[in-house]
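Report on the structure
One letter stands for each residue in the lines below.
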Amino acid sequence: MVKALTIFGGTGDLTFRKLLPALYNGSVSGAESADYQILIIGRRDYSTEQYRELARGWVQKFSRLPYQDAAFSRFAARIEYYRMDFSEASAYAALDAFYAARGIGEHIFYLAVAPRFFGIIAEGLASVNGAPQGKVILEKPFGENLAAAKALNARLEAIFTPGRIYRIDHYLGKEMVRNIETIRFSNPLFTNLWDARFIECVQITASEDVGVESRGGYYEEAGALKDMVQNHLFQILSIVAMERPYEFNGADMHAEQLRVLRALRPVGQEPIRDTLLLGQYEGYQQENLVDPHSRTETYAALRLFIDNDRWRGAPFYIRTGKKLQKREMEVAVIFRRPRPDVARNVLIIKIQPTEGVYLQFNIQKPGDTEEITQAKMDFCQSCLLENRINTPEAYERLLGACIRGERFWFSQWDQIETGWQYIEQLREAYRAERLPLVNYAPGVSGPKEADFLLARFGHAWFDDD
Ligand code: BG6
């Protein structure tokens, strides 16, 4: 039976920048996705040949593995372009015939489109032979707001059973995000100290040097809280904080992650000004497709507590923003001082751009002295060329995981719903208190108010530079 991966929204940014390069890499490295025909669905009037040429340009620009003519030709031979208005219910009968003519019987559908099309596409596919028995991959945002997302989810689940729906959170495909569990649970050095008795705070940083670029229209609705915190950063937070899953499978891990999110200290128990700070970079209001009086945040800093036995008393700080000094994503675990006269031990899991682990601990300064200094061990996993070449990118991994049916590395609806609810409550509380949206200049490490948020509680953002 011929297998096909159909991409709805095949002329969008996600397909060009991420999916085509990931599929090309998979083709070169012989990944599972190499067994699939690739059907690109779009509304634009391209021939397959024209589309393949476009794809060549994107692959040359963004693929991890070097571009090679012969390898690209083999890859491109699997691509077909199919013009279709996917919001038109009557168009699906022709799509059904198209699949039948090619003997395609096994399906994966990638919905790289705005969420308002999810329901229409799913309902259209209901009439396509074999489609509801296939798998469907979705990208955030899963709806414009929580209520819309819930309604959309119900529509999707009426056609595709929940086990066939794969919600991508591409952070879960990142090498060092996957590594957090191993670092935590395979090293007694960390496993046994991983709680509020020994850990003073955890800091999750995701800063970007770019602005909203061509995505002003989408971002204006989302803002940093919905774009980064409620999905990517809550995934990381819950992996850092979860109990050891009974087994490392999808169901057990999701259950533990969900418990963490449910244990977040309810909004309202702490003053909101001690919990959240929102900012906007100067110049954001002049970006394309952005309201000139926009109140959308491009920066967020949060101080959260997980009210369970493991974490009571150790805050989790999160910060993320656009147009900052540098692109850097890391988790810093700050241990408590054993005595006031020595520095804190620090473990940093570096997610990007460098992948690695940094450990800072106290040693005696060399020489006849009792002075204490800090040893700084910096392990760079991605510095080795062979590691760079052998490490698949997030989208390559997640496509493979979907094909193999490993639900482990996808977000579950109940996680999304719980995170979303929490973020909506926070935002509402911030609005109700009329707290300011602080401005920051492009290129800084963050608004100074984000430093005060921690300083009020005797903490500071850890900076390993
Ligand atoms: C996306 C957000 O999910 O993640 C973007 O919508 C953000 O705004 C991107 O830039 C960051 O991803 P990465 O992999 O570059 O860290």
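First, a word on scope: everything that follows refers to the structure included in this document.

**Thoughts on the environment of Val136**
Assignment of secondary structure puts Val136 in strand E5 (residues 135-139). For the pair Val136 and Arg167, spaced 31 residues apart in the sequence, the C-alpha separation amounts to 8.4 Å. Those residues within four positions of Val136 in sequence are excluded, and the remaining contacts are Phe109, Leu111, Phe160, Arg164, Ile165 and Tyr166.

**Focus: the side chain of Thr391**
One can find Thr391 in the loop between helix H11 (385-390) and helix H12 (394-404). The residues contacting Thr391, other than those within four sequence positions of it, are Arg64, Glu175, Glu355 and Arg397.

**Points about the sheet that holds strand E4 (residues 104-111)**
Spatially, the 6 strands line up as an open sheet ordered E3-E2-E1-E4-E5-E6, and their pairing is parallel. Of all strands in the sheet, those bounded by a partner on one side alone are strand E3 (79-83) and strand E6 (165-168). Strand after strand, the sheet turns through a mean of 20 degrees between neighbouring axes, direction not considered. Pairing of E4 with E5, which is carried by 4 bridges, proceeds in the parallel orientation. Paired with Phe109 across the two strands is Val136, which belongs to E5. This element, H12, spans E4, E5 and E6 of the sheet and lies at about 150 degrees to E5.

**Digging into the packing of helix H2 (residues 48-62) against helix H3 (residues 69-76)**
At a closest axis distance of 11 Å, the pairing of H2 and H3 adopts a crossing angle of 130 degrees. Relative to H3, H2 is oriented oblique. The crossing of H2 and H3 is right-handed. Contacts between H2 and H3 involve Arg52, Ala55, Arg56 and Val59 from the former and Asp69, Phe72, Phe75 and Ala76 from the latter. Looking at the contact of H2 with H3, its residues break down into 5 nonpolar, no polar and 3 charged.

**Regarding the state of the cysteines**
Applying the stated criterion across every chain yields a total of 1 disulfide. Note that Cys380 is cross-linked by a disulfide to Cys383, the S-S spacing being 1.9 Å. Taking the sign of the S-S torsion, 90 degrees for the link of Cys380 and Cys383, the bridge is right-handed. Classification of Cys383 by relative accessible area gives exposed; the value is 51%.

**Considerations on the packing of helix H1 (residues 13-29) against H2**
Between H1 and H2, the shortest axis-to-axis distance is 9 Å and the interhelical angle comes to 85 degrees. Between H1 and H2, the crossing angle belongs to the class labelled roughly perpendicular. Across from Thr15, Phe16, Arg17, Leu20, Pro21 and Tyr24 in H1, the residues of H2 making contact are Tyr51, Leu54, Ala55, Trp58, Val59 and Phe62. Split into classes, the residues belonging to the contact of H1 with H2 amount to 10 nonpolar, 1 polar and 1 charged.

**Details of helix H7 (residues 175-185)**
Most of H7 sits inside the fold, with 9 of its 11 residues counted as buried. Considering only its buried residues, H7 is in contact with helix H8 (188-191), helix H9 (216-241), helix H10 (250-262), strand E12 (346-352), strand E13 (356-364) and H12.

Cut-offs used in this document
Residues numbered from 1 in each chain as written. Predicted model: local features only at pLDDT ≥ 70, side-chain atom pairs only at ≥ 80, totals over all residues. Heavy atoms only, no water. Helix = DSSP H or I, 4+ residues; strand = E, 2+ residues; numbered from the N terminus. Contact = heavy atoms within 4.5 Å. Pairing = 2+ DSSP bridges. Axes fitted to C-alpha atoms, helices over the stretch in contact; angles between N-to-C directions. Parallel < 35°, antiparallel > 145°, perpendicular 65-115°, else oblique. Left-handed = near helix turned anticlockwise from the far one by under 90°. Nonpolar A, V, L, I, M, F, W, Y, C, P; charged D, E, K, R; others polar. Disulfide = S-S within 2.5 Å. Buried < 20%, exposed > 50% of the residue type's maximum accessible area, 1.4 Å probe, protein only.

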